[in-house]
Amino acid sequence: MIRDKLPVAELDPNVLNPYLLLDAGIAPAVSLVFTAASVFLSLYISRHFFQSYLFSGFGYLLGLPAGFVFLAASFGLEQLGLLYSQSVLLHPAFYWLQVAFQSEALALIALSYYYKDSDGRPVRIRLSDIGMMVLPLAMVMVPMLLATSELASKSYISYPSLADLGLVMRIFNMAVLAYIFKNTVVSLVRSANVRMLYVPAAFALLWLEQYSLVMTYFDNSAFAFAGSIVARVAGLALFAYVLHAVTSKRRLEIEAREKA
């Protein structure tokens, strides 16, 4: 891309951590608040899904708690990237790990929904199945190989190249989230469970986060980035609310049965 032709002195570190687009006086506080909220909500969701796995024993559910743990880790890595924004080694390293963890997280969640549709039927080996299993691993290996080639071929780490890599990963994330959204909507319509439509709405907000980050990549807009972090926290909060409501309802039903 054109950005690769810029001399080292003109490389803009904002392309790796959009929090640097905000005012320097408020960026650390804003980042800490939104990161803490994102990590807490992701781990809360992961805990609920892990309990569901222990209760049901369905193997496909393991991708959900693992995915949200990876998602929480990606938010923590983003915070570390801001803290070490002046480090020419740690700043890009945390960025690479962040985008890799986030893409892998969404891939694991998508795989859980994919295998949920099998409904216990024997899984036939098809090209589409192999692709769905190989693609997440490939998407993790690609940034690793590109980052390694950057270190090996140049005397400095090319921030623009890593930013371009982040763009590719976010487009991948949007495609995966679109698949999850479609999958959840179809599943809920089939089961006539209208109350759970908040779940695809939550994934739609996470898709909006990725879209806003793509817009941030092209124009370094602080407004677009602000929209992305608000959409992220709103999506995770909506997801956590749905899980809390479902869990509370189940507990009330169990207690009512025990009393009866």
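Values in this document were obtained by computation on a predicted structure and should not be read as measured data.

(A) Local environment of the packing of helix α2 (residues 63-83) against helix α3 (residues 90-116). For the pair α2 and α3, the least separation of the axes is 8 Å and the interaxial angle reads 160 degrees. With respect to α3, the element α2 is oriented roughly antiparallel. Two packed elements cross with a definite hand, and for α2 against α3 that hand is left-handed.

(B) Geometry of the nonpolar core. Counting 28 residues, the largest nonpolar core has Phe203 and Phe239 as its most contacted members. Elements supplying a minimum of two residues to this core: α1 (27-56), α2, α3, α5 (159-191), α6 (198-219) and α7 (222-259). If one sorts the elements of this core by residue count, α7 sits on top with 7 residues. For phenylalanine 239, the contacting residues outside a window of four places in its chain are Ile45, Phe49, Phe68, Tyr113, Val199, Ala202 and Phe203.

(C) Main features of the confidence of the model for the chain. Averaged over the chain, the pLDDT score is 78; the fraction of residues at 70 or greater is 70%. Counting interchain partners and residues more than four positions distant, the pLDDT-below-50 stretch residues 1-11 has 18 contacts. Note on residues 120-125: pLDDT is under 50 here. Beyond four places in sequence and across chains, it has 4 contacts.

(D) Layout of unusual backbone geometry. Positive phi, close to 50 degrees, is recorded for asparagine 220, a residue that is not glycine. For asparagine 220, the position within the fold is in the loop between α6 and α7. Exposure remark for asparagine 220: the relative accessible area of 25% places this residue in the partly exposed category.

Cut-offs applied
Residues numbered from 1 in each chain as written. Predicted model: local features only at pLDDT ≥ 70, side-chain atom pairs only at ≥ 80, totals over all residues. Heavy atoms only, no water. Axes fitted to C-alpha atoms, helices over the stretch in contact; angles between N-to-C directions. Helix = DSSP H or I, 4+ residues; strand = E, 2+ residues; numbered from the N terminus. Parallel < 35°, antiparallel > 145°, perpendicular 65-115°, else oblique. Left-handed = near helix turned anticlockwise from the far one by under 90°. Core = buried A, V, L, I, M, F, W, Y, C linked by side-chain atoms within 4.5 Å. Buried < 20%, exposed > 50% of the residue type's maximum accessible area, 1.4 Å probe, protein only. Contact = heavy atoms within 4.5 Å. pLDDT = per-residue confidence, 0-100.

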